[in-house]
Amino acid sequence: MKRFLHLQWALLFSVILSCNDGGQTSSYSELLSQAPYASLTDSIKENRSNADLYFRRGKLLRENTLTEPALEDFKKAWSLKNDERYAAYISNMLLENKPDSAVIFINDALKKIPNSIFLSLDLAKAYNAIGKKDESLAVCNSIIQKEPGQIDALLLKSDLLQEKNDSAGSLSALERAYSLAPFDAELTHSLAFKYAQNKNAKALAICDSLLKKDTGGVQAEPYYFKGVYYYNTNEK
C-alpha cells in the first residue's frame, strides 16, 4: 500500500513538473518547445532563476503577437528581478487592454522603483483610460515637477485640462512642450490648431513659417489652421 502511495505521489510530481516545464503553464508548453522559442526554453529549464531569459523569450513572443504567454514571461522576469525594463513591458501591455490592471500593477511597481518616470507616465495614461482624470492630472503634475522637460507629460496634461474646459491651462502646457521641441511637426500642428481655436493670431505666424519651409507645396494643414482661425475671428 505504501509503495502504491509513493508511486502515486511520484506520478503527480512528474505531472506538476511537466506542466511548468520551461516556466510556463501547460497550455503553452508545446508552443514554447518549438522554434523560435525552444532554445530559450531549454536555457530556462537549466537556469530558472535567470530573469533575462524569461524577458528575452517574452520579447520574442510579443514580436509574434503572442501576448498572453509574453505577459507571463515578463511577469516571471519581474518576480525574479525588479528591473525597470521588465515593469515597462508589463505596464505597456496591460495599458493596451487592461488599464485597470495596469493601475494596480504600476502602483505596486512604483513602490519598488519610485523614481521611474516611464512607469509614472504609464500610470497617468492608465488613470486617464479608466476615467480617473484628476488622478491622471495629479500624476502628470508630479512628473513635470521632477522632470520639467517631460514632453509626454505636458501633452497629456494639456489634453486633460482641455477636457476640464481649462483652455488657458491647456494652451500653457502645450506652449511649454512646443518650446522644448519646436521642430516636432505633430506638436507644431497641435499648437497652431489650438491657437486657431482660441482666436490667437500666433496661429498665423506658425502657419506662415510652416508654409515657407514647405518648398514642395505638400502641406495642407497650415491652410486648414488658417481657415479655422479666420472662421473663428470672422476675418477674411
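Refer to the structure above for everything that follows.
Before going into details, it helps to say that this report is about the structure given with it. Note that the structure is a prediction, hence the values are computed from the model and not measured. (Residues numbered from 1 in each chain as written. Predicted model: local features only at pLDDT ≥ 70, side-chain atom pairs only at ≥ 80, totals over all residues. Heavy atoms only, no water.)

1. Some thoughts on helix α8 (residues 117-129)
Which entries qualify depends on this criterion: A run of DSSP states H or I qualifies as a helix once it reaches four residues; a run of E qualifies as a strand once it reaches two. Both are numbered from the N-terminal end. To estimate how far a helix should reach, multiply one less than its number of residues by 1.5 Å. Throughout this description, buried means an accessible area under 20% of the type-specific maximum (1.4 Å probe, protein chains only), exposed means over 50%, and partly exposed covers the range between. We call two residues contacting when some pair of their heavy atoms lies within 4.5 Å. Here a polar contact is taken to be a pair of N or O atoms separated by no more than 3.5 Å, where protein atoms must pair a possible hydrogen donor with a possible acceptor and residues adjacent in sequence count only if both atoms sit in side chains.
Taking 1.5 Å per residue, 13 residues should reach 18 Å; α8 reaches 18 Å between its end C-alpha atoms and fits that length. Those residues of α8 lying buried are Leu119, Ser120, Leu121, Asp122, Leu123, Ala124, Ala126 and Tyr127. Considering only its buried residues, α8 is in contact with α6 (84-97), α7 (99-112), α9 (133-146) and α10 (151-163). Measuring from the side-chain oxygen of the N-cap residue of α8 to the backbone nitrogen of Leu119 gives 3.1 Å; that N-cap residue is Ser116. Where α8 ends, the next residue or the one after it, Gly131, has phi of about 85°, a positive value.

2. Remarks on the side chain of Ser136
By the element assignment, Ser136 lies in helix α9. With relative accessibility at 0%, the residue Ser136 sits in the buried group. Discounting chain neighbours no more than four positions away, the residues touching Ser136 are Ala124, Tyr127, Asn128, Leu156 and Leu160.

3. Things to note about the pattern of salt bridges
Definition in use: A carboxyl oxygen of Asp or Glu within 4 Å of a side-chain nitrogen of Lys or Arg is what we treat as a salt bridge.
For the coordinates displayed, the defined rule picks out nine salt bridges. Its salt-bridge partner being Arg62, residue Glu96 comes within 2.9 Å of it at the nearest N-O pair. Pair noted here: Glu96 is in helix α6 and Arg62 is in helix α4 (residues 51-63), with a separation of 34 residues, a long-range link. Taking relative accessible area as the criterion, Glu96 reaches 49% and is therefore assigned partly exposed. Each of Asp52, Asp83 and Arg85 takes part in a single network of salt bridges with overlapping partners.

None of this, on its own, says anything about what the molecule does.
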